[in-house]
Structures are given as C-alpha cells and as structure tokens.
Amino acid sequence: MIGLFFGSTTGNTEDVAVAIAEQFGPELTQHDIADEGLAAVPHYQQLIFGIPTWDFGELQEDWGDLWDEIDQLDLSGTRCALFGLGDQIGYGEWFLDAMGLLHDKLQARGAEMIGYWPNQGYNFEASKALTDDGSQFVGLALDEDSQHGETAERVSRWVEQLRAEFPA
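Structure report, in brief. (Residues numbered from 1 in each chain as written. Predicted model: local features only at pLDDT ≥ 70, side-chain atom pairs only at ≥ 80, totals over all residues. Heavy atoms only, no water.)

Oppositely charged side chains may form a pair once their charged atoms are brought near each other. Under the counting rule described, the total for this entry stands at four salt bridges. Notably, a salt bridge pairs Glu-27 with Arg-163, separated by 3.3 Å at the nearest N-O pair. Of this pair, Glu-27 sits in the loop between α1 (12–24) and β2 (28–32) while Arg-163 sits in helix α5 (residues 151–165); the two residues are 136 residues apart in sequence, bridging distant segments of the chain. Measuring nitrogen to oxygen at the nearest pair gives 3.2 Å for the salt bridge that ties Arg-79 to Glu-112. With Arg-79 in strand β5 (residues 79–85) and Glu-112 in strand β6 (residues 112–114), the pair connects residues that are 33 residues apart, well separated along the chain. The class for Glu-112 is partly exposed, based on a relative accessible area of 39%. Linked by salt bridges that have partners in common, Glu-27, Glu-160 and Arg-163 make up one network. (Salt bridge = Lys/Arg side-chain N within 4 Å of Asp/Glu carboxyl O. Helix = DSSP H or I, 4+ residues; strand = E, 2+ residues; numbered from the N terminus. Buried < 20%, exposed > 50% of the residue type's maximum accessible area, 1.4 Å probe, protein only.)

This is the structure we're talking about:
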C-alpha cells in the first residue's frame, strides 16, 4: 500500500493528488493533512507527499502547522516521493522551495527519496527543490498557473516512474 499525504489551500494540490490516486488505483490511499494530520504515516512503507509553495518560498499553511511533527517520524526503510506545485513566473526566485524543504526534512528522518524529475521545460530563477547538481527536481514539479496544460502528461509519466521505483 502507498499512502499519499497532501496539503492544499486552493485545491490545485488536491486535484493532482486525485489524479495520482486514480492512476495508482486501490493500492493508494489519500490523506488530506488538514483533516487527518500525519498520524497514518507510520502505517506505510511507501509514501507520496504533495506540497505547494506559497508566496516567497513559504510552506502551505497545513504543512506549516504540522512541520515540527515530521521531526518525530522514523522513516527508516521507507521510500518517499514528492510532488510540488509552484508558480515559476510570479515567484520564479522561490519555485518549489517548499518541496525542497520537505525533501531535506524527510531525508533527515531516514527516508529513501525517489521520484526525482528532470528540470527541463521549466523557466524559473532559483529553487531549493533542485538536486545538488541542479539537474533534477527532488520530485515532480508542477505549475498550474503557467503550465496547466502539461500537468496531466507529467503526472502520468511520473506515476509510471514511481511504479518502477516502488517495490512490488
């Protein structure tokens, strides 16, 4: 089983979570952290987290409320993938920063991070969500503001990638 945990203010991150869940089918269970928090995280060995970046590289409010709780999780032996939403035009200096912050926090808790995504096809100035060599994002990068037409194809390709990277 795969647990998908997301926070969403405008509904965009939730819409992506639904699209991911539809493609995975019954092997995936969604959790809106605004309603359920992170209590169910320890029940999964495979996790997907969805996080939008707000304003100038800030956490979405539901993630901000639970941020310190992540420090209590033991994610040793757990594979984790991330998807993030941001606005590369309006906030190009902070594109997907929240995803980068979550990546580092989960990795520090022992998670094995998977689901990295190429950074080609985006136009931004800076991002904390890039790998050390800058060649990839640390998760699926989505921009519903200026690249909405790319989302369905990116989600589909990423789900196929995760199917290969998650253990059977």
